[in-house]
Amino acid sequence: MNNPFQNALAQLSRATRLTSFPPDFLERISHPDRQIRISIPVKMDDGSLKVFEGYRVQFNNARGPYKGGIRYHQDTDIEEVKALAFWMALKCAVANIPMGGGKGGVTVNPKELSKRELEALSRGWMRAMSDVVGPQKDVPAPDVNTTPEIMAWMADEFAKATGDTTGAVITGKPLEVGGSEGRGTATAQGGFYVFEALQEKLGLPTSCRVVIQGFGNAGEHAADIWSKAGHKIVATSDSKGAVRNPNGMDIAALYDHKKATGSVVGFVGGETIDGTELLFQECDVLIPAALENQIREDNASRIQAKVVFELANGPTTPEADDQLFGRDIPVVPDILANSGGVTVSTFEWEQNLKGEHWSEADVFTKLKDMMEKEANGIFEKSVSLKTDLRRAAFVIALERIQNAMKL
Ligand code: NAD
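Remember, predicted model here, so these are calculated numbers, not experimental data.

Concerning helix α13 (residues 389-406)
Look at α13: 26 Å from first C-alpha to last across 18 residues, which is about the 26 Å you get at 1.5 Å a residue. Within the sequence span of α13, burial applies to L389, R390, R391, A392, A393, F394, V395, I396, A397, L398, I401 and Q402.

Considerations on the sheet that holds strand β7 (residues 232-238)
Strand order in the open sheet formed by 7 strands is β9-β8-β7-β6-β10-β11-β12, and the pairing between neighbours is mixed. Sheet topology places β9 (271-273) and β12 (331-332) at the edges, where each strand pairs with a single neighbour. Where strand β10 (residues 283-288) lies against strand β11 (residues 305-309), 3 bridges are found, and the strand directions are parallel. For L286, the partnering residue across the bridge sits in β11 and is V308.

Topic: the site of the ligand
Taken together, 23 residues surround the ligand, and among them D143, T187, N217, A218 and N313 come closest. Note that an oxygen atom of the ligand is positioned 2.9 Å from one of the side-chain N or O atoms of D143. Between the ligand and the protein, one listed contact pairs an oxygen atom with a side-chain N or O atom of N313 at 2.7 Å. Isolated, the ligand exposes 830 Å² of accessible area, and the fraction of that covered by the protein chains is 83%. Of all the secondary structure elements, the ones that give two or more residues to the shell around the ligand are α7 (217-228) and β7. Looking at side-chain class alone, the shell around the ligand contains 8 nonpolar, 10 polar and 5 charged residues. Summarising the domain contributions, the shell around the ligand has at least three residues from each of domain 1 (4-10 + 32-177) and domain 2 (203-329).

With respect to the packing of aromatic side chains
Within this structure, the stated rule accounts for 10 aromatic pairs. Taken together, a centroid distance of 5.7 Å and an interplanar angle of 35 degrees make the contact between F21 and F25 tilted. Both residues of the pair, F21 and F25, count as buried. Through pairs of rings, three or more aromatic residues link up here, namely F5, F59, F86 and F394. Of note, K201 hangs over the ring of F379, and the distance from its end group to the ring centre comes to 5.8 Å.

So, the domain arrangement of the protein
Here the domain parsing of the protein yields domain 1 (4-10 + 32-177) and domain 2 (203-329). Averaged C-alpha coordinates put domain 1 and domain 2 at centres separated by 27 Å. Taken together, the 12 residues of domain 1 in the interface contact 7 residues of domain 2. When domain 1 packs against domain 2, the two sides together hide about 710 Å² of surface, and 49% of this comes from carbon and sulfur. Our count for the contact surface shared by domain 1 and domain 2 stands at 1 salt bridge. Two residues, E292 and R71, come together in a salt bridge whose shortest N-O distance is 3.1 Å. Counting across the domain 1 and domain 2 interface gives 3 residue pairs in polar contact (both at pLDDT 80 or more).

Overview of the nonpolar core
Counting residues in hydrophobic clusters, the biggest one holds 77 residues, and the most contacted among them are F86, W226, I287, F309 and V332. By residue number, the principal contributor to this core is helix α3 (residues 78-95), which donates 11 residues. Taken domain by domain, this core gets at least three of its residues from each of domain 1 (4-10 + 32-177) and domain 2 (203-329). Listed in part, the 26 residues of the second largest apolar core include I36, V106, M126 and V169.

Considerations on helix α11 (residues 339-354)
The terminal C-alpha atoms of α11 lie 23 Å apart, and with 16 residues this matches the ideal 22 Å at 1.5 Å per residue to within 8%. Of the residues trailing α11, G355 is marked for its positive phi of about 70 degrees.

Here we look at the environment of T317
If you trace the backbone, T317 turns up in the loop between β11 and α9 (318-326). Accessibility expressed as a relative area gives 1% for T317, which makes it buried. In sequence terms T317 and P110 are 207 residues apart; their C-alpha atoms lie 27 Å from each other.

Things to note about the pairing of strand β1 (residues 34-43)
Examined bridge by bridge, β1 and strand β2 (residues 49-60) share 10 bridges and lie antiparallel to one another. Note that in β2 the partner of P41 across the bridge is V51. In this antiparallel pair of consecutive strands, β1 and β2, the connection spans 5 residues, and G47 shows a positive phi of 95 degrees.

Procedures and definitions
Residues numbered from 1 in each chain as written. Predicted model: local features only at pLDDT ≥ 70, side-chain atom pairs only at ≥ 80, totals over all residues. Heavy atoms only, no water. Helix = DSSP H or I, 4+ residues; strand = E, 2+ residues; numbered from the N terminus. Expected span 1.5 Å × (residues − 1). Buried < 20%, exposed > 50% of the residue type's maximum accessible area, 1.4 Å probe, protein only. Pairing = 2+ DSSP bridges. Near = heavy atom within 4 Å. Polar contact = N/O pair within 3.5 Å; in protein donor to acceptor, adjacent residues only side chain to side chain. Areas by Shrake-Rupley, 256 points an atom, 1.4 Å probe, with all protein chains shown as cover. Nonpolar A, V, L, I, M, F, W, Y, C, P; charged D, E, K, R; others polar. Domains from an automatic or database assignment. Phe/Tyr/Trp six-rings, centres within 6.5 Å; stacked < 30°, edge-to-face > 60°. Lys NZ or Arg CZ within 6 Å of the ring centre and 35° of its normal. Contact = heavy atoms within 4.5 Å. Buried area = accessible area lost by both parts, 1.4 Å probe. Salt bridge = Lys/Arg side-chain N within 4 Å of Asp/Glu carboxyl O. Core = buried A, V, L, I, M, F, W, Y, C linked by side-chain atoms within 4.5 Å.

Spelled out as structure tokens, the structure:
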């Protein structure tokens, strides 16, 4: 099953079989509050006009304003955005931050646009959405292919449209325009705190062999943080291919290689392999950090990791989840593993609303406390319900959302 929203609903139905959520609540939480589709006209550099399709799905705001990133990708569509918005509602509840769930996107390959076209597209998205987003309504952020600079353009466009210059409408901004210390590395850093809280409980060694799919924002920072903590990155990939070295790779050198050539492929500190083989390398921890639907029914039997740690959103399908659970391979679910990103985004929103600027040490101290607490809570729930970590995380998130809706 590869429709991400159908996967999300299948996860919901699996998790709620274990408990007694009222059917009315489950029916309600299976449908987003609002789905918005917009046409964004952009004057291209060659003088022609091109219209791009953009989206915002506002899933649930019982616990606070909708919150979630904006994805630019040629394959992005409303079904994908809907699934990502649903996961955001659960993720914010798992992280126990005062936010609901939303997500946005544009069907576009941003690599085919000039910088001027990209700015026009981004400002066009915000102009069209400026009446439905806002610090108390819906607070977007970066996701795949959207950057701090794009967030700055969007914050500026929102200020022009509404007069609100607090910047609190959008997070992941550059530091100079109200961004938070630590936001760039927050997803990977938060993931690492979750990993450390669960490492021993999941039977992992002190020094792990780690494979990372995707060397973008989440993946490259994860490579840096895990390797500096004494783990070995034995393979990694991007959309062009993969590299591996069973002795571990020099991540700073790999980062320089990627910066110079645009890809991890050809890195001299490792052997270049076919990207499709990356997931099946032997390792202690496999970190999918690219796109959804990577570990599926047809390939899950080839996974050789001891633990799958989902920094990407939705990388494992429900059928693959069952196979991995059956083989005693724990999956640390996305809504816990990558929730550090939205947590620091929420810190940024809070700082903007209060006119404050917190130090990186303050940000990470708060983040660590929150991630450890929620990771331990989800582990205990999985033990008490005798189930996997994803179902346990879903149950905790749904209980929190249901309580808020009831109140
Ligand atoms: P990004 O665009 O910075 O990086 C994505 C990386 O994946 C790139 O290196 C790209 O080349 C690679 N990739 C694409 N297709 C691939 C394929 N088929 N095989 C291997 N690699 C491939 O995006 P990101 O921000 O790092 O996001 C990655 C994942 O993490 C997404 O699922 C995103 O939703 C999730 N996530 C990101 C954040 C964040 O703060 N960046 C927060 C939470 C979740």
